[in-house]
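# Tertiary structure, described
As a plain string of letters, each chain reads:
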Amino acid sequence: MTEAEFLAALRALPLHPGARGLLDDTAHLDGLILTTDTIVEGIHYLPDDPPADVAWKLVAANLSDLAAKGAVPEGVMLNYPLRAVPPAKAGVQLGDSTNDAYSSVTIAFPTGPRPSPGRETGWDEAFVSGLDIALRTFAVRLLGGDTVSLPVNAPRVIALTAIGRAARAPLRAGAREGDALYVTGTIGDAGAGLRIARGESGPADLVDRYRRPTPRLAEGKALAPSAHAMMDVSDGLLIDAARMADASGLGVTIDLAAIPLSAAYRAFAGDDRAARIAAATAGDDYELLLAAPAGIPLAARATPIGAFTAGTGLTLTDGGTPIPLPTTLGFQH
Ligand SMILES: Nc1ncnc2c1ncn2[C@@H]1O[C@H](COP(=O)(O)OP(=O)(O)O)[C@@H](O)[C@H]1O
Ligand SMILES: Cc1ncc(C[n+]2csc(CCOP(=O)(O)OP(=O)(O)O)c2C)c(N)n1
Ligand SMILES: [Mg+2]
(Lines give C-alpha, C1' and ligand atoms only; values in the text may rest on other atoms or scores of the structure.)
(Ligands and ions follow the chains in the order given, each with its own letter.)
Protein backbone atom coordinates (compact mmCIF):
# COMPACT_ATOMS: atom_id res chain seq x y z
CA MET A 1 0.00 0.00 0.00
CA THR A 2 1.29 3.51 -0.74
CA GLU A 3 1.00 6.38 1.75
CA ALA A 4 -1.80 7.94 -0.33
CA GLU A 5 -3.72 4.65 -0.49
CA PHE A 6 -3.32 4.11 3.26
CA LEU A 7 -4.61 7.61 4.06
CA ALA A 8 -7.53 7.11 1.67
CA ALA A 9 -8.43 3.90 3.55
CA LEU A 10 -8.21 5.73 6.90
CA ARG A 11 -10.55 8.46 5.62
CA ALA A 12 -13.32 5.84 5.39
CA LEU A 13 -13.07 5.12 9.17
CA PRO A 14 -15.13 6.93 11.81
CA LEU A 15 -13.46 10.36 11.91
CA HIS A 16 -13.70 12.92 14.68
CA PRO A 17 -14.77 16.34 13.33
CA GLY A 18 -11.47 17.67 14.69
CA ALA A 19 -9.63 15.40 12.24
CA ARG A 20 -10.74 17.72 9.41
CA GLY A 21 -11.27 14.68 7.20
CA LEU A 22 -7.52 13.87 7.60
CA LEU A 23 -7.04 16.54 4.93
CA ASP A 24 -5.05 18.96 7.06
CA ASP A 25 -1.66 18.88 8.74
CA THR A 26 -3.13 18.89 12.24
CA ALA A 27 -6.20 18.02 14.27
CA HIS A 28 -8.21 20.80 15.94
CA LEU A 29 -9.88 20.43 19.32
CA ASP A 30 -11.41 23.38 21.21
CA GLY A 31 -8.65 25.87 20.38
CA LEU A 32 -5.97 23.19 20.66
CA ILE A 33 -3.97 22.12 17.61
CA LEU A 34 -2.56 18.56 17.70
CA THR A 35 0.02 16.96 15.47
CA THR A 36 2.33 13.96 15.54
CA ASP A 37 5.37 13.11 13.42
CA THR A 38 7.70 10.14 13.51
CA ILE A 39 11.30 9.91 12.40
CA VAL A 40 12.84 6.65 11.27
CA GLU A 41 16.56 5.89 11.13
CA GLY A 42 17.61 5.50 7.49
CA ILE A 43 14.39 7.08 6.18
CA HIS A 44 14.25 10.52 7.86
CA TYR A 45 17.81 10.77 9.16
CA LEU A 46 21.10 9.04 8.54
CA PRO A 47 22.26 6.40 11.03
CA ASP A 48 25.40 8.39 11.83
CA ASP A 49 23.66 11.75 12.26
CA PRO A 50 24.43 13.12 15.74
CA PRO A 51 21.73 12.03 18.21
CA ALA A 52 21.29 15.62 19.44
CA ASP A 53 20.45 16.63 15.86
CA VAL A 54 17.96 13.76 15.57
CA ALA A 55 16.19 15.12 18.66
CA TRP A 56 16.23 18.63 17.18
CA LYS A 57 14.79 17.43 13.88
CA LEU A 58 12.01 15.50 15.61
CA VAL A 59 10.97 18.57 17.58
CA ALA A 60 11.35 20.89 14.57
CA ALA A 61 9.29 18.67 12.24
CA ASN A 62 6.42 18.64 14.73
CA LEU A 63 6.57 22.33 15.60
CA SER A 64 6.63 23.11 11.88
CA ASP A 65 3.09 21.69 11.59
CA LEU A 66 2.01 23.94 14.48
CA ALA A 67 3.71 26.90 12.79
CA ALA A 68 1.68 26.23 9.66
CA LYS A 69 -1.48 26.73 11.71
CA GLY A 70 -0.18 29.93 13.31
CA ALA A 71 -0.20 28.07 16.65
CA VAL A 72 1.84 28.71 19.78
CA PRO A 73 3.31 25.42 21.09
CA GLU A 74 1.99 24.32 24.47
CA GLY A 75 3.81 21.01 25.04
CA VAL A 76 5.07 17.77 23.50
CA MET A 77 4.85 14.03 24.23
CA LEU A 78 7.74 11.72 23.29
CA ASN A 79 7.61 8.04 22.23
CA TYR A 80 11.15 6.70 22.50
CA PRO A 81 12.79 3.31 21.89
CA LEU A 82 15.83 2.18 23.83
CA ARG A 83 17.78 -0.17 21.59
CA ALA A 84 19.20 -3.44 22.83
CA VAL A 85 22.66 -4.42 21.64
CA PRO A 86 24.17 -7.93 21.57
CA PRO A 87 26.31 -8.53 24.69
CA ALA A 88 29.45 -8.87 22.53
CA LYS A 89 28.87 -5.35 21.23
CA ALA A 90 28.19 -3.68 24.55
CA GLY A 91 30.32 -0.57 24.78
CA VAL A 92 30.92 -0.31 21.01
CA GLN A 93 30.61 3.27 19.80
CA LEU A 94 27.80 4.19 17.43
CA GLY A 95 28.97 4.66 13.89
CA ASP A 96 30.45 1.18 13.85
CA SER A 97 29.89 0.14 10.24
CA THR A 98 27.83 -2.96 11.05
CA ASN A 99 25.23 -0.70 12.60
CA ASP A 100 24.95 1.53 9.57
CA ALA A 101 24.04 -0.57 6.57
CA TYR A 102 20.31 -1.08 6.89
CA SER A 103 20.07 -2.43 3.38
CA SER A 104 21.68 -5.63 4.63
CA VAL A 105 20.69 -5.52 8.28
CA THR A 106 19.54 -8.67 10.06
CA ILE A 107 17.12 -7.93 12.84
CA ALA A 108 17.54 -10.42 15.66
CA PHE A 109 14.46 -11.32 17.65
CA PRO A 110 16.08 -12.85 20.72
CA THR A 111 14.69 -16.13 22.00
CA GLY A 112 17.06 -16.46 24.96
CA PRO A 113 17.70 -13.98 27.76
CA ARG A 114 17.04 -10.39 26.71
CA PRO A 115 20.11 -8.35 25.95
CA SER A 116 20.29 -5.28 28.12
CA PRO A 117 18.69 -2.27 26.46
CA GLY A 118 20.15 1.13 25.81
CA ARG A 119 23.82 0.24 26.05
CA GLU A 120 24.99 1.89 22.84
CA THR A 121 27.45 4.25 24.33
CA GLY A 122 25.98 7.64 24.86
CA TRP A 123 23.28 7.69 22.14
CA ASP A 124 20.31 8.02 24.48
CA GLU A 125 22.14 10.51 26.70
CA ALA A 126 23.09 12.67 23.71
CA PHE A 127 19.50 12.48 22.42
CA VAL A 128 18.18 13.74 25.76
CA SER A 129 20.70 16.62 25.79
CA GLY A 130 19.66 17.54 22.24
CA LEU A 131 16.00 17.37 23.23
CA ASP A 132 16.71 19.72 26.13
CA ILE A 133 18.33 22.24 23.77
CA ALA A 134 15.50 22.01 21.22
CA LEU A 135 12.76 22.39 23.86
CA ARG A 136 14.47 25.41 25.39
CA THR A 137 15.15 26.98 21.99
CA PHE A 138 11.49 26.76 20.97
CA ALA A 139 10.11 27.50 24.45
CA VAL A 140 8.11 24.28 24.67
CA ARG A 141 7.94 21.76 27.52
CA LEU A 142 7.56 18.02 27.82
CA LEU A 143 4.09 16.73 28.78
CA GLY A 144 4.87 12.99 28.86
CA GLY A 145 5.40 10.07 26.51
CA ASP A 146 6.29 6.39 26.46
CA THR A 147 9.53 4.38 26.46
CA VAL A 148 9.93 0.96 24.83
CA SER A 149 12.77 -1.30 23.69
CA LEU A 150 13.78 -2.30 20.16
CA PRO A 151 15.16 -5.64 18.96
CA VAL A 152 18.92 -5.82 18.40
CA ASN A 153 19.93 -3.90 15.24
CA ALA A 154 16.42 -2.60 14.52
CA PRO A 155 16.38 0.93 13.13
CA ARG A 156 15.17 3.51 15.62
CA VAL A 157 11.63 4.88 15.19
CA ILE A 158 11.01 7.95 17.36
CA ALA A 159 7.70 9.80 17.56
CA LEU A 160 6.63 13.10 19.03
CA THR A 161 3.18 14.61 19.49
CA ALA A 162 2.99 18.39 19.69
CA ILE A 163 0.09 20.39 21.07
CA GLY A 164 -0.39 24.09 20.47
CA ARG A 165 -2.99 26.80 20.69
CA ALA A 166 -4.37 28.99 17.92
CA ALA A 167 -7.37 31.28 17.84
CA ARG A 168 -7.87 30.94 14.09
CA ALA A 169 -5.92 28.29 12.19
CA PRO A 170 -5.65 28.49 8.39
CA LEU A 171 -6.41 25.14 6.76
CA ARG A 172 -4.79 23.43 3.80
CA ALA A 173 -8.14 23.64 2.04
CA GLY A 174 -8.80 27.38 2.15
CA ALA A 175 -7.05 28.68 -0.98
CA ARG A 176 -9.27 30.83 -3.24
CA GLU A 177 -9.20 31.29 -6.99
CA GLY A 178 -6.84 34.18 -7.81
CA ASP A 179 -4.84 33.84 -4.56
CA ALA A 180 -1.08 34.01 -4.86
CA LEU A 181 1.04 31.12 -3.56
CA TYR A 182 3.85 32.26 -1.27
CA VAL A 183 6.72 30.43 0.40
CA THR A 184 8.94 31.53 3.32
CA GLY A 185 12.73 31.20 3.34
CA THR A 186 14.65 29.29 0.69
CA ILE A 187 13.91 25.87 -0.81
CA GLY A 188 16.23 22.95 -1.52
CA ASP A 189 18.90 23.57 1.10
CA ALA A 190 18.04 20.48 3.16
CA GLY A 191 17.93 18.25 0.08
CA ALA A 192 21.40 19.49 -0.86
CA GLY A 193 22.50 18.95 2.75
CA LEU A 194 21.40 15.32 2.57
CA ARG A 195 23.49 14.83 -0.58
CA ILE A 196 26.48 16.34 1.20
CA ALA A 197 25.89 14.25 4.34
CA ARG A 198 25.88 11.21 2.03
CA GLY A 199 29.33 12.07 0.70
CA GLU A 200 29.16 14.79 -1.97
CA SER A 201 31.38 17.75 -1.24
CA GLY A 202 29.65 20.93 -0.17
CA PRO A 203 29.32 23.37 2.71
CA ALA A 204 28.45 22.34 6.28
CA ASP A 205 25.75 25.06 6.37
CA LEU A 206 23.62 23.01 3.99
CA VAL A 207 24.09 19.85 6.08
CA ASP A 208 22.90 21.91 9.02
CA ARG A 209 19.73 22.82 7.12
CA TYR A 210 19.09 19.06 6.71
CA ARG A 211 19.92 18.07 10.28
CA ARG A 212 18.56 21.07 12.16
CA PRO A 213 15.61 22.61 10.31
CA THR A 214 14.00 25.73 11.76
CA PRO A 215 10.25 25.61 12.38
CA ARG A 216 8.87 28.98 11.23
CA LEU A 217 6.83 29.61 14.39
CA ALA A 218 7.05 33.42 14.46
CA GLU A 219 6.41 33.64 10.72
CA GLY A 220 3.44 31.26 10.94
CA LYS A 221 1.85 33.29 13.71
CA ALA A 222 2.40 36.53 11.82
CA LEU A 223 1.16 35.18 8.47
CA ALA A 224 -1.87 33.22 9.74
CA PRO A 225 -4.29 36.20 9.82
CA SER A 226 -3.72 36.93 6.10
CA ALA A 227 -3.45 33.31 4.94
CA HIS A 228 -6.49 31.69 3.32
CA ALA A 229 -4.56 28.39 3.49
CA MET A 230 -1.23 27.41 5.01
CA MET A 231 0.86 24.23 5.39
CA ASP A 232 4.51 23.36 5.81
CA VAL A 233 6.78 21.94 3.12
CA SER A 234 7.97 18.55 4.34
CA ASP A 235 7.68 16.29 1.29
CA GLY A 236 8.65 18.81 -1.39
CA LEU A 237 7.43 22.19 -2.61
CA LEU A 238 5.70 20.83 -5.72
CA ILE A 239 3.90 17.92 -4.06
CA ASP A 240 2.84 19.99 -1.05
CA ALA A 241 1.57 22.87 -3.23
CA ALA A 242 -0.35 20.35 -5.34
CA ARG A 243 -1.90 18.98 -2.12
CA MET A 244 -2.98 22.48 -1.04
CA ALA A 245 -4.58 23.11 -4.43
CA ASP A 246 -6.27 19.71 -4.42
CA ALA A 247 -7.63 20.17 -0.88
CA SER A 248 -8.94 23.60 -1.95
CA GLY A 249 -10.61 22.25 -5.12
CA LEU A 250 -8.36 24.39 -7.34
CA GLY A 251 -5.42 24.18 -9.69
CA VAL A 252 -2.09 25.86 -8.99
CA THR A 253 0.56 27.27 -11.31
CA ILE A 254 4.11 27.60 -10.00
CA ASP A 255 6.89 29.48 -11.74
CA LEU A 256 10.12 27.56 -11.24
CA ALA A 257 12.14 30.73 -11.83
CA ALA A 258 10.44 32.43 -8.86
CA ILE A 259 11.32 29.75 -6.30
CA PRO A 260 13.74 31.29 -3.76
CA LEU A 261 17.11 29.51 -3.68
CA SER A 262 19.93 30.34 -1.26
CA ALA A 263 23.33 31.47 -2.50
CA ALA A 264 24.76 28.32 -0.87
CA TYR A 265 22.33 26.13 -2.82
CA ARG A 266 23.15 27.85 -6.12
CA ALA A 267 26.87 27.49 -5.46
CA PHE A 268 26.41 23.79 -4.70
CA ALA A 269 23.81 22.70 -7.27
CA GLY A 270 23.69 25.50 -9.83
CA ASP A 271 20.70 27.53 -10.93
CA ASP A 272 19.50 25.76 -14.08
CA ARG A 273 16.13 24.11 -14.55
CA ALA A 274 17.34 20.73 -13.22
CA ALA A 275 18.75 22.33 -10.06
CA ARG A 276 15.46 24.20 -9.51
CA ILE A 277 13.39 21.06 -10.01
CA ALA A 278 15.67 19.17 -7.59
CA ALA A 279 15.17 21.91 -4.98
CA ALA A 280 11.40 21.95 -5.48
CA THR A 281 11.02 18.18 -5.08
CA ALA A 282 13.62 17.25 -2.41
CA GLY A 283 11.56 18.05 0.68
CA ASP A 284 12.77 18.41 4.30
CA ASP A 285 12.50 22.21 3.90
CA TYR A 286 10.11 22.94 6.79
CA GLU A 287 9.28 26.30 5.25
CA LEU A 288 5.69 27.58 5.10
CA LEU A 289 3.53 27.58 2.01
CA LEU A 290 0.53 29.89 1.99
CA ALA A 291 -2.30 31.13 -0.15
CA ALA A 292 -3.13 34.82 0.25
CA PRO A 293 -4.51 37.59 -1.96
CA ALA A 294 -1.89 38.76 -4.46
CA GLY A 295 -0.16 42.02 -3.64
CA ILE A 296 -1.31 42.50 -0.02
CA PRO A 297 1.39 43.36 2.51
CA LEU A 298 2.32 40.30 4.58
CA ALA A 299 3.47 40.45 8.22
CA ALA A 300 6.47 38.17 7.54
CA ARG A 301 8.74 37.80 4.55
CA ALA A 302 7.46 35.34 1.93
CA THR A 303 8.14 35.02 -1.80
CA PRO A 304 5.28 34.84 -4.34
CA ILE A 305 5.91 31.79 -6.54
CA GLY A 306 2.59 31.08 -8.21
CA ALA A 307 -1.18 31.44 -8.31
CA PHE A 308 -4.31 29.41 -7.69
CA THR A 309 -6.62 28.93 -10.65
CA ALA A 310 -9.95 27.32 -11.44
CA GLY A 311 -9.46 23.69 -12.46
CA THR A 312 -7.26 21.01 -11.01
CA GLY A 313 -3.64 19.93 -10.76
CA LEU A 314 -0.23 21.54 -10.87
CA THR A 315 1.08 23.53 -13.83
CA LEU A 316 4.76 24.37 -13.90
CA THR A 317 6.26 27.28 -15.81
CA ASP A 318 9.85 28.47 -16.15
CA GLY A 319 9.94 32.24 -16.51
CA GLY A 320 6.30 32.11 -17.66
CA THR A 321 6.71 29.34 -20.27
CA PRO A 322 4.88 26.09 -19.45
CA ILE A 323 7.22 23.12 -18.95
CA PRO A 324 6.54 19.41 -18.37
CA LEU A 325 6.12 18.20 -14.80
CA PRO A 326 8.94 16.09 -13.39
CA THR A 327 8.12 12.39 -12.87
CA THR A 328 8.09 12.78 -9.08
CA LEU A 329 6.79 15.91 -7.36
CA GLY A 330 8.23 15.02 -3.95
CA PHE A 331 8.78 12.41 -1.30
CA GLN A 332 6.11 9.78 -0.63
CA HIS A 333 6.34 6.84 1.76
N1 LIG B 1 -1.44 6.56 10.53
C2 LIG B 1 -2.32 7.58 10.59
N3 LIG B 1 -3.42 7.48 11.37
C4 LIG B 1 -4.31 8.49 11.43
N5 LIG B 1 -4.19 9.64 10.74
C6 LIG B 1 -3.10 9.79 9.95
C7 LIG B 1 -2.12 8.77 9.83
N8 LIG B 1 -1.17 9.20 8.99
C9 LIG B 1 -1.53 10.45 8.61
N10 LIG B 1 -2.70 10.81 9.19
C11 LIG B 1 -3.42 12.08 9.01
O12 LIG B 1 -3.45 12.41 7.63
C13 LIG B 1 -3.31 13.82 7.44
C14 LIG B 1 -2.13 14.10 6.54
O15 LIG B 1 -0.95 13.59 7.15
P16 LIG B 1 0.48 14.09 6.76
O17 LIG B 1 0.52 14.34 5.29
O18 LIG B 1 1.46 13.15 7.36
O19 LIG B 1 0.56 15.46 7.52
P20 LIG B 1 1.88 16.29 7.76
O21 LIG B 1 2.65 16.21 6.48
O22 LIG B 1 1.44 17.66 8.03
O23 LIG B 1 2.57 15.64 8.93
C24 LIG B 1 -3.18 14.41 8.84
O25 LIG B 1 -4.48 14.80 9.24
C26 LIG B 1 -2.73 13.24 9.69
O27 LIG B 1 -3.15 13.37 11.03
C1 LIG C 1 18.28 9.48 5.09
C2 LIG C 1 17.20 10.27 4.43
N3 LIG C 1 16.76 9.90 3.20
C4 LIG C 1 15.77 10.61 2.61
C5 LIG C 1 15.22 11.70 3.20
C6 LIG C 1 14.13 12.48 2.52
N7 LIG C 1 12.86 12.41 3.22
C8 LIG C 1 12.54 11.39 4.04
S9 LIG C 1 11.00 11.57 4.73
C10 LIG C 1 10.75 13.02 3.89
C11 LIG C 1 9.45 13.77 3.98
C12 LIG C 1 9.08 14.20 5.36
O13 LIG C 1 8.78 13.11 6.20
P14 LIG C 1 7.30 12.61 6.44
O15 LIG C 1 7.34 11.42 7.30
O16 LIG C 1 6.58 12.47 5.14
O17 LIG C 1 6.74 13.82 7.27
P18 LIG C 1 5.34 14.58 7.10
O19 LIG C 1 5.18 14.85 5.64
O20 LIG C 1 4.31 13.66 7.65
O21 LIG C 1 5.51 15.82 7.92
C22 LIG C 1 11.86 13.34 3.10
C23 LIG C 1 11.95 14.51 2.22
C24 LIG C 1 15.71 12.03 4.49
N25 LIG C 1 15.21 13.05 5.18
N26 LIG C 1 16.70 11.33 5.06
MG1 LIG D 1 5.08 13.37 4.37
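Calculation notes
Residues numbered from 1 in each chain as written. Chains lettered and ligands numbered in written order. Predicted model: local features only at pLDDT ≥ 70, side-chain atom pairs only at ≥ 80, totals over all residues. Heavy atoms only, no water. Near = heavy atom within 4 Å. Polar contact = N/O pair within 3.5 Å; in protein donor to acceptor, adjacent residues only side chain to side chain. Areas by Shrake-Rupley, 256 points an atom, 1.4 Å probe, with all protein chains shown as cover. Domains from an automatic or database assignment. Axes fitted to C-alpha atoms, helices over the stretch in contact; angles between N-to-C directions. Helix = DSSP H or I, 4+ residues; strand = E, 2+ residues; numbered from the N terminus. Parallel < 35°, antiparallel > 145°, perpendicular 65-115°, else oblique. Left-handed = near helix turned anticlockwise from the far one by under 90°. Contact = heavy atoms within 4.5 Å. Nonpolar A, V, L, I, M, F, W, Y, C, P; charged D, E, K, R; others polar. Pairing = 2+ DSSP bridges. UniProt positions renumbered as here; feature names shortened; annotations may be inferred. Patch = residues over 30% accessible without salt bridge, like charges linked within 9 Å, V, L, I, M, F, W, Y side chains within 5 Å. Salt bridge = Lys/Arg side-chain N within 4 Å of Asp/Glu carboxyl O. Buried < 20%, exposed > 50% of the residue type's maximum accessible area, 1.4 Å probe, protein only. 1 Å grid on protein atoms, 1.4 Å probe; cavity = no way out; pocket = protein on both sides within 12 Å on 5 of 7 lines; lining within 4 Å. Points joined across faces, edges and corners; volume = space filled by probe spheres on them. Expected span 1.5 Å × (residues − 1). Arc of directions from axis to C-beta.

## Considerations on the site of ligand 2
Near ligand 2 lie 17 residues; those nearest to it are H44, Y210, S234, D284 and H333. Taking H44, its side chain carries an N or O atom lying 2.7 Å from an oxygen atom of ligand 2. Taking D284, its side chain carries an N or O atom lying 2.7 Å from a nitrogen atom of ligand 2. In isolation ligand 2 exposes 590 Å². Once the protein is present, 88% of that is buried. Counting contributing residues per domain, the shell around ligand 2 is built from domain 1 (16-165) and domain 2 (172-323), each supplying no fewer than three.

## Details of the packing of helix α2 (residues 51-67) against helix α3 (residues 123-137)
Where α2 contacts α3, the two axes come as close as 7 Å, and the packing angle between them is 40°. Between α2 and α3, the crossing angle belongs to the class labelled oblique. Seen along the crossing, α2 lies across α3 with a hand that is right-handed. On α3, the residues that touch P51, A52, V54, A55, W56, L58 and V59 of α2 are W123, A126, F127, G130, L131, I133, A134, L135 and T137. Grouping the amino acids of the contact of α2 with α3 by side-chain chemistry returns 14 nonpolar, two polar and no charged.

## Looking at the sheet that holds strand β3 (residues 72-83)
Strand order in the open sheet made by the five strands is β1-β2-β5-β3-β4, with mixed pairing throughout. For this open sheet the edge positions go to β1 (27-29) and β4 (141-150), each flanked by a neighbour on one side alone. Direction aside, the axes of adjacent strands within the sheet are offset by 20° on average. Inspection of the sheet shows β3 paired to β4 by nine bridges, in the parallel sense. Note that in β4 the partner of V76 across the bridge is L142. Its contacts with the sheet place α2 against β2 (32-40), β3 and β5 (157-165), and it is angled at close to 35° to β5. Strands β3, β4 and β5 of the sheet are contacted by α3, whose axis makes an angle of about 175° with β3.

## A closer look at the UniProt feature "binding site: substrate" (unreviewed entry) in the chain
Within the UniProt annotation, "binding site: substrate" (unreviewed entry) is assigned to H44 and D284. The greatest C-alpha distance among the residues just named is 8.8 Å, despite their covering 241 residues of sequence, which places them together in space. Note on placement: H44 falls in the loop between β2 and α2. Here H44 is in contact with T38, I39, K57, Y210 and H333, once residues within four sequence places are set aside. Counting through the fold element by element, D284 comes out in the loop between α9 (273-282) and β9 (288-292). In contact with D284, other than residues within four places in its own chain, are K57, A190, Y210, V233 and S234.

## Some thoughts on a nonpolar patch on the surface
On the surface, M1, F6 and L7 cluster together into a nonpolar patch covering about 330 Å² of accessible area. On the secondary structure map, F6 appears in helix α1 (residues 3-10). Residue F6 is classed as partly exposed on the basis of its relative accessible area of 45%.

## A short note on the site of ligand 1
As a structural note, the neighbourhood of ligand 1 is formed by F6, L7, L10, L22, D24, D25, D37, D65, R172 and S234. Within the backbone of D24, an N or O atom sits 2.9 Å from an oxygen atom of ligand 1. D25 is positioned such that a nitrogen or oxygen atom in its side chain is 3.2 Å from an oxygen atom of ligand 1. When the free accessible area of ligand 1 is taken as 550 Å², the share hidden by the protein chains comes to 64%. With three residues, α1 is the largest single contributor of residues to the shell around ligand 1.

## Digging into empty space enclosed by the protein
Here the structure, examined in full by the defined rule, presents two cavities of 30 Å³ or more. Reported here for the second largest cavity is a volume of approximately 30 Å³. Together, Y45, D49, D53, V54, K57, Y210 and R211 line the second largest cavity. Contributions of two or more residues to the lining of the second largest cavity are made by α2 and α5 (204-211). It is α2 that contributes the most residues to the lining of the second largest cavity, three residues altogether. Across the lining of the second largest cavity, the residue classes break down as three nonpolar, no polar and four charged.

## Considering α3
Each α-helix winds once per 3.6 residues, and so residues spaced three or four apart point in a common direction. With 15 residues, α3 should reach 21 Å at 1.5 Å per residue; the first-to-last C-alpha distance of 21 Å fits that figure. Looking only at α3, the buried set comprises W123, D124, F127, G130, L131, A134 and L135. Buried residues in α3, looked at end-on, bunch into an arc of 135°, giving them a common side. Counted as exposed and oriented over 90 degrees from the buried face of α3: E125, V128 and R136. Residues of α3 that are buried make contact with α2, β3, β4 and β5. Phi turns positive one or two residues past the end of α3, at A139, with a value near 55°.

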